[in-house]
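Chains, contacts and geometry: an overview
Chain by chain, the residues run as shown.
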Number of protein chains: 2
Amino acid sequence: MDVGSIGLDTTRTPFKTVVDVMGGSATFFGIVACFFAKTGLVGVIGDDYPDEYLKILEERLDLTGLVVERGKTFRFDSRFGYDLGVRTTLKTELNVFGEWSPEIPEEYRDAEYVYIGNIGPDQQLRVLDQLDEPRLTVADTIEFWIKNQRGQLTELISRVDGMVLNDEEVRQISQTPNIIKGAKTILELGPDIVIIKKGEHGAILFTRDMIFPTCGYPLEEVVDPTGAGDCFAGGFVGHLARKGDMSRRTLREAVVYGNVMGSFAVEGFSVERFLTLTMEEIEGRYQEYKRMVSF
Amino acid sequence: MDVGSIGLDTTRTPFKTVVDVMGGSATFFGIVACFFAKTGLVGVIGDDYPDEYLKILEERLDLTGLVVERGKTFRFDSRFGYDLGVRTTLKTELNVFGEWSPEIPEEYRDAEYVYIGNIGPDQQLRVLDQLDEPRLTVADTIEFWIKNQRGQLTELISRVDGMVLNDEEVRQISQTPNIIKGAKTILELGPDIVIIKKGEHGAILFTRDMIFPTCGYPLEEVVDPTGAGDCFAGGFVGHLARKGDMSRRTLREAVVYGNVMGSFAVEGFSVERFLTLTMEEIEGRYQEYKRMVSF
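Quick caveat: nothing in here was measured; it's all calculated off a predicted structure. (Residues numbered from 1 in each chain as written. Chains lettered and ligands numbered in written order. Predicted model: local features only at pLDDT ≥ 70, side-chain atom pairs only at ≥ 80, totals over all residues. Heavy atoms only, no water.)

**Considering the overall build of chain A**
What chain A contains, in helices and strands, is 11 helices and 13 strands. A compact globule built from 295 residues would reach a C-alpha radius of gyration of about 19 Å, and chain A, at 18 Å, matches this within 12%. Judged by the C-alpha coordinates and their principal axes, chain A covers about 50 × 40 × 35 Å. Within chain A, buried positions represent 60% of all 295 residues. Expressed as a percentage of contacts within chain A between residues at least 6 apart in sequence, the contacts between residues at least 24 apart total 59%. Of the accessible surface of chain A, which amounts to about 11700 Å², a share of 47% is contributed by carbon and sulfur atoms. When the 32 basic and 47 acidic side-chain charges of chain A are each reduced to a single mean position, those positions are 5 Å apart. (Helix = DSSP H or I, 4+ residues; strand = E, 2+ residues; numbered from the N terminus. Rg over C-alpha atoms; globule rule 2.2 N^0.38 Å. Buried < 20%, exposed > 50% of the residue type's maximum accessible area, 1.4 Å probe, protein only. Contact = heavy atoms within 4.5 Å. Areas by Shrake-Rupley, 256 points an atom, 1.4 Å probe, with all protein chains shown as cover. Lys, Arg positive; Asp, Glu negative; His and termini not counted. Charge placed at Lys NZ, Arg CZ, Asp CG, Glu CD.)

**Structural notes on the interface of chain B and chain A**
The accessible area lost on association of the parts is a frequent measure of interface size. On the chain A side, the residues contacting the 35 residues of chain B number 35 residues. Summing the contributions of chain B and of chain A, the shared interface buries around 3100 Å²; its carbon and sulfur component is 58%. Our count for the contact surface shared by chain B and chain A stands at 4 salt bridges. Among the ionic pairs, A:Glu221 bridges to B:Lys181, the shortest N-O distance being 2.6 Å. Taken together, chain B and chain A are joined by 16 residue pairs in polar contact (both at pLDDT 80 or more). Its residues placed into classes, the side of chain B that touches chain A shows 17 nonpolar, 6 polar and 12 charged. (Buried area = accessible area lost by both parts, 1.4 Å probe. Salt bridge = Lys/Arg side-chain N within 4 Å of Asp/Glu carboxyl O. Polar contact = N/O pair within 3.5 Å; in protein donor to acceptor, adjacent residues only side chain to side chain. Nonpolar A, V, L, I, M, F, W, Y, C, P; charged D, E, K, R; others polar.)

**What to know about the sheet that holds strand 6 (residues 74–80) of chain A**
Residue and element names in this part refer to chain A. The strand order across the open sheet formed by 4 strands is 3-2-6-7, and the pairing between neighbours is mixed. In the strand order of this sheet, the two ends are held by strand 3 (17–23) and strand 7 (87–93), each with one partner. In this sheet, neighbouring strand axes are inclined to one another by 20° on average, regardless of whether the strands run parallel or antiparallel. Strand direction decides the pairing type here: strand 6 and strand 7, joined by 6 bridges, are antiparallel. Among the inter-strand pairings, Asp77 is bridged to a residue of strand 7, identified as Lys91. Taken strand by strand, helix 1 (residues 25–33) contacts strand 2 (7–12) and strand 3, and its axis lies near 70° from that of strand 3. (Pairing = 2+ DSSP bridges. Axes fitted to C-alpha atoms, helices over the stretch in contact; angles between N-to-C directions.)

**Describing the sheet that holds strand 2 (residues 7–12) of chain B**
All names here are of chain B. The strand order 3-2-6-7 describes an open sheet built from 4 strands, whose pairing is mixed. Pairing within the sheet leaves two strands with one partner each, and these edge strands are strand 3 (17–23) and strand 7 (87–93). Going from strand to strand, the sheet's axes swing by 20° on average, the running direction of each strand aside. The pairing of strand 2 with strand 6 (residues 74–80) spans 6 bridges and is parallel. Bridge pairing in strand 6 places Leu8 opposite Arg75. The sheet strands contacting helix 1 (residues 25–33) are strand 2 and strand 3, and the helix crosses strand 3 at an angle near 70°.

**So, the pattern of salt bridges**
All names here are of chain A. Counting across every chain of the model gives 48 salt bridges over all chains. Of the charged contacts in the structure, one is a salt bridge between Asp129 and Arg159, with a shortest N-O distance of 2.9 Å. Here Arg159 lies in helix 5 (residues 150–159) and Asp129 lies in helix 3 (residues 121–129), a separation of 30 residues in the sequence. Looking at Asp129, the relative accessible area reads 54%, which means it is exposed. Of the residues examined, Arg159 reaches a relative accessible area of 35% and is grouped as partly exposed. Connected through shared salt-bridge partners, Glu267, Arg273, Glu281 and Arg285 make up one network.

Below is the structure:
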């Protein structure tokens, strides 16, 4: 199950600008996870959400948990610099997303694998409260919540099985400059899994008895980094759901699938790359990555 | 053989400041390379260079190529911020290093493995001119030379076998924002090997038919990043010299030894960590890294 934001993104790079394309954490996660396992989407859109986008979601995801409200869909406008490394937020319009509180449909309450993307920690906790006994819950957050809802965020971290965070979020939550030490500090708050997402530099998995550092898949063309983190999570949780176990080996494979799906994400604007992607291409890149990094 | 700067560093971190400690590219490279192979140092120091430092060099390196000039040794003063990621140069005093032009001793001219650390490209070319047929020449550079001696730097790149560069230097030399594409562009200038050093994020090796991305060895305590790049080069060239071949497999192993030696470098100020390091610790970390990243 996939809970989070669904939005319309305007993304400006020095090379091209796209307006009102598919965005939001739940969109990216869902469009990726569905390659690996049946995925139900829980989120809200306004009545201006384009039919063609709805069709893309419908063809891939179970939409029982999708709510359509009167009003405008969440919008996010941002710009990247020349090396596509730093994003500047130009405008955030919460619209119908601002007043939304996630309701988990009855038939999803026994979902086994649950990703709760970036929404407020209070709302993320509400999601956890509505679940029967999930096998794996993974959550994301952003600086805004670390600063403004630290108490609830700490409670969330103590209750989920896994957190997926970037370098800076690890530093902010743990209040330590070293991210390796920081991730271990976050593990002590309760979760069994902490993953540091480092974009082009890969990701590091931490469990209580393992550190698994990985490098990114090297790409010559990066078009748009938007959503790469949620796509990473989609590959990670998706592979775990597909395999049905959480052995050391499967966890490691899942991180590599996360990197692979993140690498596809940045090859196009929005979810573009996934609309034509095949399972053969995913497995092909996984194998290529494995050969590439072995020594 | 190891040609480059030998200096006295003042390094300021939020946690500690050290004054006039051993520094310079040739110092770091040599102190590392000597674990793997007999290494001769070519460089210049002033008559103020401390005896205790000279003793450390003497015990580990052949100093036939070390020149002592009347005057002061090269000095470098810099400060790191809280996360030890960004260095600010406070003062550079070239002193005797400013007028030095490397003379390769007669008995070094047939050196097989040669590292030419950060000195001007004109001087690096002078070193190449004095060599008989080396098996491997590897050079480093910095932004200053990319901006001020681009023509000579391009000639140098076309004549060496390998370049070891950081992300930003790859972007600046190749004039392309994507470092993967940038490294391939630099390969087209002539060398068989380009390595992008990414600090804590590891390194990527490029040859004409291979890309080998690696992640950094995860460290909980970083004391001082100074010299890590030259120590990486010391592990890389050192392992190649020790093995005596340049197969795909040996090149990959060498990059991992580079990461391993870079990780030891940052565990102490200056060359501190290497004064007590053993070959067993090096091989132990190599094996630990290999287990850690496998999947």
